[in-house]
Amino acid sequence: MNFFKIKTSWSNAEFIVLKISIATAFILVGGYFHHFFHHYLIPVLFLFVITAVWTVYLWIKKMKSSK
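Here the structure is a predicted model, which is why all the values come from computation and not from measurement. (Residues numbered from 1 in each chain as written. Predicted model: local features only at pLDDT ≥ 70, side-chain atom pairs only at ≥ 80, totals over all residues. Heavy atoms only, no water.)

### A look at the overall build of the protein chain
Thought 1: Looking only at helices and strands, the protein chain features three helices and zero strands.
Thought 2: Its helices and strands taken in sequence order, the protein chain reads α-α-α from the N to the C terminus.
Thought 3: For the protein chain, with 67 residues in total, the buried portion stands at 0%.
Thought 4: As displayed, the protein chain offers around 7100 Å² of accessible surface, 75% of which is attributable to carbon and sulfur atoms. (Helix = DSSP H or I, 4+ residues; strand = E, 2+ residues; numbered from the N terminus. Buried < 20%, exposed > 50% of the residue type's maximum accessible area, 1.4 Å probe, protein only. Areas by Shrake-Rupley, 256 points an atom, 1.4 Å probe, with all protein chains shown as cover.)

Okay, here's the thing in structure tokens:
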């Protein structure tokens, strides 16, 4: 049985717990390694902007194709 081949469907409400968990982990890591990440603020911010724009593009594309 291959774990990665199992397909599931999640509702938006079910993703809330996952998102809160991930956000909490990032807050903890950011608080613990504050001085380390301070030196990489610009590249991380750049990566965030790129991935945020990419996610919004994919979301809009998916919404248009579902009509």
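### Notes on the packing of aromatic side chains
Thought 1: What the rule picks out here adds up to one aromatic pair.
Thought 2: Taking the centre distance of 4.8 Å and the plane angle of 85° together, the rings of Tyr 32 and Phe 33 count as edge-to-face.
Thought 3: Residue Tyr 32 is classed as exposed on the basis of its relative accessible area, which comes to 67%. (Phe/Tyr/Trp six-rings, centres within 6.5 Å; stacked < 30°, edge-to-face > 60°.)

### Some points on a nonpolar patch on the surface
Thought 1: Together, Val 29, Tyr 32, Phe 33, Phe 36, Phe 37, Tyr 40 and Val 44 give the surface a local cluster of nonpolar side chains, amounting to about 720 Å² of exposed area.
Thought 2: Elements supplying a minimum of two residues to the nonpolar patch: helix H1 (12-32) and helix H2 (34-38).
Thought 3: For Tyr 40, the location among the structural elements is in the loop between H2 and helix H3 (41-65). (Patch = residues over 30% accessible without salt bridge, like charges linked within 9 Å, V, L, I, M, F, W, Y side chains within 5 Å. Salt bridge = Lys/Arg side-chain N within 4 Å of Asp/Glu carboxyl O.)

### Some words on the confidence of the model for the protein chain
Thought 1: Per-chain confidence: the protein chain averages 79 in pLDDT, with 84% of residues scoring 70 or above.
Thought 2: Within the protein chain, the lowest mean pLDDT, 80, falls on H2, and the highest, 84, falls on H3. (pLDDT = per-residue confidence, 0-100.)

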